[in-house]
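# Residue-level structure breakdown
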Amino acid sequence: MDFSQDLIEKIIILIITAVLTGLIVPYISKKMDEMKAKSQKSFEADIARQDKIIEAQSRLIDDISHILWQWRYLSIKVAYYGSGDNNEKYDMIKKEYDESIWNILNQFRNEITKARMLASDDSYQKLLNFYEYIVELDKKISSLFQDNELNENQKMEFAKINSLIYTDETK
């Protein structure tokens, strides 16, 4: 059998093509799969990080809400009983306020610090401003504690604070 030079060249090219295809295609396919897997892992890691951030933000909101409701009811109770004539209840609530307010303010400030990382700058600043506001309100409430017996001026001030917290700050 007499093979022509042209046929032999075509057979050699065919064999080389088959060998290269058999080696290169799986290699390229493997590299593409590795890149896809790496990209998928990176994507999944990003999603996991986002989930953790969202979970932390949700926990922050829950914790701040809990603290602010504690503050609200503690402050409104002292203002309510300070504006009335039940001295026994007022004395009891005044003592509770004195014992609790520092812890509440501390908890709130700690949560605000967390908010610096988990919330927008605007939200962080609003929380900080509200913290300063309730510290000033605490100073006002504490200044009304000076006398053992409440006079009418103090009762009126407590009534204003009660109204302020009940109507303005709770909405």
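Residues numbered from 1 in each chain as written. Predicted model: local features only at pLDDT ≥ 70, side-chain atom pairs only at ≥ 80, totals over all residues. Heavy atoms only, no water.

Counting across every chain of the model gives 10 aromatic pairs. Arranged with centres 5.0 Å apart and planes meeting at 85°, the rings of Y80 and Y81 form a pair that is edge-to-face. Ring centres of F145 and F158 lie 6.3 Å apart, and the angle between their planes is 35°; this geometry places the pair in the tilted category. In this pair, F145 sits in the loop between α3 (121-143) and α4 (152-169) while F158 sits in helix α4, placing the two residues 13 residues apart along the sequence. (Phe/Tyr/Trp six-rings, centres within 6.5 Å; stacked < 30°, edge-to-face > 60°. Helix = DSSP H or I, 4+ residues; strand = E, 2+ residues; numbered from the N terminus.)

Okay, the pattern of salt bridges next. When charged atoms on two side chains of opposite charge get close, those side chains can pair. What the rule picks out here adds up to 12 salt bridges. Its salt-bridge partner being D85, residue K155 comes within 2.5 Å of it at the nearest N-O pair. Here K155 is found in helix α4, whereas its partner D85 is found in the loop between α1 (5-82) and α2 (87-118), with 70 residues between them in sequence. Residue E99 pairs with K95 through a salt bridge whose shortest N-O separation is 3.3 Å. Within this pair, E99 and its partner K95 are both found in helix α2, separated by 4 residues, close to a single helical turn. On the accessibility criterion, K95 (53% relative accessible area) is exposed. In the salt-bridge network here, residues are joined through shared partners; they are D85, E152 and K155. (Salt bridge = Lys/Arg side-chain N within 4 Å of Asp/Glu carboxyl O. Buried < 20%, exposed > 50% of the residue type's maximum accessible area, 1.4 Å probe, protein only.)

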